[in-house]
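Residue-level structural notes
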Amino acid sequence: MKKSIITISLIFACVFAYAQATETELVRSVFKLEKKALVADFLQLSNDDATKFWPIYEKYEQERSAIGTRRIALLESYVNKYDKMDDVSLDALVKESGSIQSKEVSLREKYYKTVKKSVSTSVAARFYQVEDLINVGVRMELYEALPMLQGK
């Protein structure tokens, strides 16, 4: 599973590095398919639970995609302005990064409650866990691929 997360993370990391609109959409589509397969493998849902869960997950992914778009824009901005960042730019970067992370956690919590109510607490907890694991893996890969800020 760790190998799958790393693969997904690398695909996602490539999005900002090779950003052309159609390429970005293609990479995002591949990411979504591989991510969904990873989630399915992790959750191991019964047919009954799967019937209830996947429509909820599709709504979650639609909302999460908007947050992903914000993350990609932030990463592109960071890469393009890395060597020219002043205090104002750095402050804006940190605030946007924090806002994105807060939105991600809030969205995951919202859908945890929805899955818990519609499917079960066990499925909801596993959903929350695998989504958090994937998110952490993606962020870790991105941090490893990005240049770190240097003191001036």
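To start, this report covers the structure provided alongside it.

1. Points about the packing of helix H4 (residues 87-118) against helix H5 (residues 121-145)
Two elements in contact, H4 and H5, have axes separated by 8 Å at closest approach and are oriented at 160 degrees. When the axis of H4 is compared with that of H5, the two are roughly antiparallel. Considering how the two elements wind past one another, H4 and H5 form a crossing that is right-handed. In this structure, H4 uses Gln-101, Glu-104, Val-105, Arg-108, Glu-109, Tyr-111, Tyr-112, Val-115 and Lys-116 to contact H5, whose residues at the interface are Thr-121, Val-123, Ala-124, Ala-125, Phe-127, Tyr-128, Glu-131, Asp-132, Asn-135, Arg-139 and Tyr-143.

2. Details of the nonpolar core
The biggest cluster of nonpolar side chains holds 28 residues, and the ones touching the most others in it are Val-39, Phe-53, Tyr-57, Val-115 and Phe-127. Going through the elements one at a time, helix H2 (21-43), helix H3 (47-81), H4 and H5 are the ones with two or more residues in this core. No other element matches the 10 residues that H3 contributes to this core. Here Val-115 is in contact with Phe-53, Ile-56, Ser-120, Val-123, Ala-124 and Phe-127, once residues within four sequence places are set aside.

3. Details of the environment of Lys-59
Mapped onto the secondary structure, Lys-59 falls in helix H3. Residue class for Lys-59 comes out exposed when judged on its relative accessible area of 53%. Taking the C-alpha atoms as reference, Lys-59 lies 9.1 Å from Tyr-111; in sequence the two are 52 residues apart.

4. Here we look at H4
An α-helical turn contains 3.6 residues, so any two residues separated by three or four positions project in the same direction. The first and last C-alpha atoms of H4 sit 46 Å apart over 32 residues, in line with the 46 Å expected at 1.5 Å per residue. Within the sequence span of H4, burial applies to Leu-93, Ser-97, Ile-100, Glu-104, Leu-107, Arg-108, Tyr-111 and Val-115.

Rules and cut-offs
- Residues numbered from 1 in each chain as written.
- Predicted model: local features only at pLDDT ≥ 70, side-chain atom pairs only at ≥ 80, totals over all residues.
- Heavy atoms only, no water.
- Axes fitted to C-alpha atoms, helices over the stretch in contact; angles between N-to-C directions.
- Helix = DSSP H or I, 4+ residues; strand = E, 2+ residues; numbered from the N terminus.
- Parallel < 35°, antiparallel > 145°, perpendicular 65-115°, else oblique.
- Left-handed = near helix turned anticlockwise from the far one by under 90°.
- Contact = heavy atoms within 4.5 Å.
- Core = buried A, V, L, I, M, F, W, Y, C linked by side-chain atoms within 4.5 Å.
- Buried < 20%, exposed > 50% of the residue type's maximum accessible area, 1.4 Å probe, protein only.
- Expected span 1.5 Å × (residues − 1).

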